[in-house]
Amino acid sequence: MSKSLENLYSETRQFPPPEALAAEANVKAEAYERAAADRIGFWEEQARRLTWSKQWDQAVDWSNPPFAKWFLGGELNVAYNCVDRHVEAGHGDKVAIHWVGEPEDDTRTVTYNDLLKSVSQAANALTELGVTAGDRVAIYLPMIPEAAVAMLACARIGALHSVVFGGFSVDALSTRIQDADAKLVITADGGYRRGKPSALKPTVDEAVAQCPSIEHVLVVRRTGQDVTWGEKDLWWHDTVEQASPEHTPQAFDSEHPLFILYTSGTTGKPKGILHTTGGYLTQVSYTHNAVFDLKPETDVYWCTADIGWVTGHSYIVYGPLSNGATQVMYEGTPDTPHKGRFWDIVDKYKVSIMYTAPTLIRTMMKWGDDIPAKYDLSSLRVLGSVGEPINPEAWMWYRENVGREKSPIVDTWWQTETGGIMISPLPGVTASKPGSAMTPLPGVSADVVDDTAEPVPNGGGGFLVLTEPWPSMLRTIWGDDKRFIDTYWSRFGAGAASQPAPGPSDGAENQNRSAAQGHGDKWIYFAGDGAKKDDDGDLWLLGRVDDVMLVSGHNISTTEVESALVSHPSVAEAAVVGATDPTTGQAIVAFTIPRGNVDTAGDAGEELIKELRNHVAKKLGPIAKPRQIMLVPELPKTRSGKIMRRLLKDVAEHRSLGDVTTLQDSAVMELISSGMKDRKSED
Ligand code: 6R9
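Cut-offs and rules
- Residues numbered from 1 in each chain as written.
- Predicted model: local features only at pLDDT ≥ 70, side-chain atom pairs only at ≥ 80, totals over all residues.
- Heavy atoms only, no water.
- pLDDT = per-residue confidence, 0-100.
- Helix = DSSP H or I, 4+ residues; strand = E, 2+ residues; numbered from the N terminus.
- Contact = heavy atoms within 4.5 Å.
- Axes fitted to C-alpha atoms, helices over the stretch in contact; angles between N-to-C directions.
- Parallel < 35°, antiparallel > 145°, perpendicular 65-115°, else oblique.
- Nonpolar A, V, L, I, M, F, W, Y, C, P; charged D, E, K, R; others polar.
- Pairing = 2+ DSSP bridges.
- Buried < 20%, exposed > 50% of the residue type's maximum accessible area, 1.4 Å probe, protein only.
- Near = heavy atom within 4 Å.
- Polar contact = N/O pair within 3.5 Å; in protein donor to acceptor, adjacent residues only side chain to side chain.
- Areas by Shrake-Rupley, 256 points an atom, 1.4 Å probe, with all protein chains shown as cover.
- Phe/Tyr/Trp six-rings, centres within 6.5 Å; stacked < 30°, edge-to-face > 60°.
- Lys NZ or Arg CZ within 6 Å of the ring centre and 35° of its normal.

Caption draft 1: Highlighting the confidence of the model for the protein. Taken residue by residue, the protein gives an average pLDDT of 93. The fraction at 70 or more is 94%. No element of the protein has a lower mean pLDDT than helix H21 (residues 667-678), at 70, and none a higher one than helix H6 (residues 145-157), at 99. Scored below 50 in pLDDT, residues 501-516 shows 43 contacts in the model against residues more than four places distant or in partner chains. Low pLDDT, under 50, characterises residues 677-683; the predicted model gives this stretch 14 contacts beyond four residues in sequence or across chains.

Caption draft 2: Quick look at the packing of helix H4 (residues 78-91) against H6. Running from amino to carboxyl end, H4 crosses H6 at an angle of 120 degrees, the nearest separation of the two axes being 7 Å. Here H4 lies oblique to H6, going by the angle between them. Between H4, through Val78, Ala79, Tyr80, Cys82, Val83 and Asp84, and H6, the contact on the second element is made entirely by Leu152, Ala155 and Arg156. Per-class residue counts for the contact of H4 with H6 are seven nonpolar, no polar and two charged.

Caption draft 3: Looking closely at the sheet that holds strand S24 (residues 525-533). Ordered by their spatial adjacency, four strands build an open sheet running S21-S22-S24-S25, and the pairing between neighbours is antiparallel. The strands lining the two open edges of the sheet, one partner per strand, are strand S21 (446-449) and strand S25 (539-544). With strand direction ignored, the average angle separating the axes of adjacent strands in the sheet is 45 degrees.

Caption draft 4: Quick look at the pairing of strand S10 (residues 196-199). Taken together, the four bridges between strand S9 (residues 190-193) and S10 define a ladder with antiparallel strand orientation. In the strand pairing of S10, Gly191 is matched with Ser198. Linkage of S9 to S10, two consecutive antiparallel strands, is achieved through a turn of two residues, within which Arg194 is found at a positive phi near 50 degrees.

Caption draft 5: Seen up close, the environment of Ala574. Turning to its location among the elements, Ala574 is positioned in strand S28 (residues 571-581). Residue classification places Ala574 among the buried positions, given a relative accessible area of 4%. Note: C-alpha distance between Ala574 and Leu631 (57 residues apart in sequence) is 9.2 Å. Not counting residues up to four positions away in its chain, the partners in contact with Ala574 are Glu562, Leu565, Val566, Phe591, Thr592, Leu635 and Ile643.

Caption draft 6: Here's a closer look at the site of the ligand. Taken together, 16 residues sit near the ligand, with Asp411, Thr412, Gln415, Thr416 and Asp529 positioned nearest. Contact distances for the ligand include 2.9 Å between an oxygen atom and a side-chain N or O atom of Gln415. At 2.9 Å, a side-chain N or O of Lys642 approaches an oxygen atom of the ligand. Within the complex, 90% of the 530 Å² of free accessible area of the ligand lies under protein. Within the residue set of the shell around the ligand, elements represented by two or more residues are helix H11 (310-322) and S25. Of the residues contributing to the shell around the ligand, the split by class is six nonpolar, five polar and five charged.

Caption draft 7: Examining the packing of aromatic side chains more closely. Using the criterion set out here, one finds 34 aromatic pairs in the structure. With centroids separated by 5.1 Å and ring planes inclined at 85 degrees, the aromatic side chains of Tyr315 and Trp414 adopt a geometry described as edge-to-face. Note that Tyr315 is positioned in helix H11 and Trp414 in the loop between strand S20 (409-411) and S21, a separation of 99 residues in sequence. Summarising the burial analysis for this pair, Tyr315 and Trp414 share the class buried. The interplanar angle of 70 degrees and the centroid separation of 5.4 Å between the aromatic rings of Trp489 and Tyr525 together place this pair among those described as edge-to-face. In this pair, Trp489 sits in the loop between helix H16 (481-488) and helix H17 (493-497) while Tyr525 sits in strand S24, placing the two residues 36 residues apart along the sequence. Judged by relative accessible area, which is 1%, Trp489 ranks as buried. Note on Tyr525: relative accessible area 0%, which makes it buried. Each member of the aromatic cluster is reached from another via a ring pair, and the members are Trp62, Phe67, Trp470, Phe484, Tyr488, Trp489 and Tyr525. Arg221 extends its terminal NZ or CZ atom over the ring of Trp235, reaching a point 5.3 Å from the ring centre. Directly above the aromatic system of Phe15 lies the positively charged group of Arg399, at a separation of 3.9 Å from the ring centroid.

Set out below in structure tokens:
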């Protein structure tokens, strides 16, 4: 991508917050002014939400950028903040987790008392196994309460957890264990997926064989399936559940490391993103309260992410539990045993706040409106979205079919690296626009700049950057400070100016490095995402800059073309790539999933394709008209549900497929490639 990004899509719909919600909102409009007047003082105020054993002396140290320190000199225990203090305040009998197993009627209720007991027992058992502050513990578990307990037990004793998603391979698990030099793995015999037990232990056995640093493997019995037992193996029920339930939490320094979480990025070995204690907990606790308007006494909150992703860390474990929330945790897939499972859970538990991903919303759209319509969803009052840009029509579908036109939607932009939500509407303040993440939260400084770091004017598109440090920012990449600087800080601003020559930087394009302009000599964080400001200055995320297409000299975002396709009533989901083209440089190739009720056989399919190409041209202008549209049954996605455009580009350019190891379902690519051979509808 060169200078800036085209702004092709325009949206005029806007929805003010419901009056009753606005009147009672946790955070009101004045917060923006207060934070703008004194950003650091604002974050100090948020840090006071937590219980500190020792007050900090200094709010932030940014004297050695890009290495930040927050709440220096302060001490606290994260597990105490998430568990003990709620029990001490008299909320021990309150439900912390309504756990819903995938098999129907397999449920557990975990109160804050129960959580305190289990976390204390696990902390004692881990200590008994020789785990001490600063050690690393790998967690490879299904979505069961023990996953949260294991994370909190690590936090309680100052050990760093490295959660590895339960669907990852031997190789992914072992490289993460080796990179962090972990001592212990916590796993289970298996978990339930798509109606049957799915084994985890064999993967761990193979991985551990390649990881001499592992001293013990702690195994939760979940499915009861057969396991091979080795000399390092210990059952959770023989150790943790036999340990003393008394454990006194020790306070740790605000900058004591809390966890490592690996992100794969687009190339190279996974990056171990390091988060620390005080700043991280401050921001996730604040944002969970502000963005979801959580009323801990009455709300039932449900985040559908897996605990293996940052969304699970920040908005299942640390944010909600630090706020004393009652939440639903669901083990399985959305269509087991039927496609109404999610709505059945909302109905049964009277979920009032739901936080999910665009991929799920689009899947639900594909399955049809009649499914959510069968359930009572009247308990819902705030809806959230995260993980990818949400197409305006998917937003509208969510609003109409799930929120029943009364719940505000918060589209939350953030990353593993940012630790907590950065850009989002506030449900009681913002008049939101379908598809826009709107504005940075109070206390957050973001901008959209061109390739010289100059802010783009309203109506312009470019690179999304963060221009001031924030409490939950990543502190480094585990064991690789240089890669941390190269990847995030050397594209714009002071970090670019101090670079002798372009170095490697994965994920982000690194041509045309520019010295400090626009934002002076500041250190500027480049997230790797494209974005635009609309005429009101509100922000629209346009996807990863690596995905941007260059068509006849115009930088066109895949997101806008995808959103134009999804705005057609016959389309549920779309992925767009730029394929090499002899005349235009790159040409737009779209892979489109029709909605459930649409006939695509024979001529009807050809007709639909023609109509869709014209529809895009009409919405965005002729420059964005796809050269080719393929109707496909599925799209390749990462295991956290993000579309993998790279693989579609291989198909569109008739290449053999690149690395497919992070693909959720490998059969999908065969389906798409064979379809590509059958139907070449170029004109
Ligand atoms: C929280 C999470 C981060 C990347 C990010 C961006 C995309 C996340 C988004 C969004 C548009 C949103 N992303 N939220 N894009 N609108 N609301 O997903 O973390 O897995 O590290 O991914 O996801 O591209 O840079 P992570």
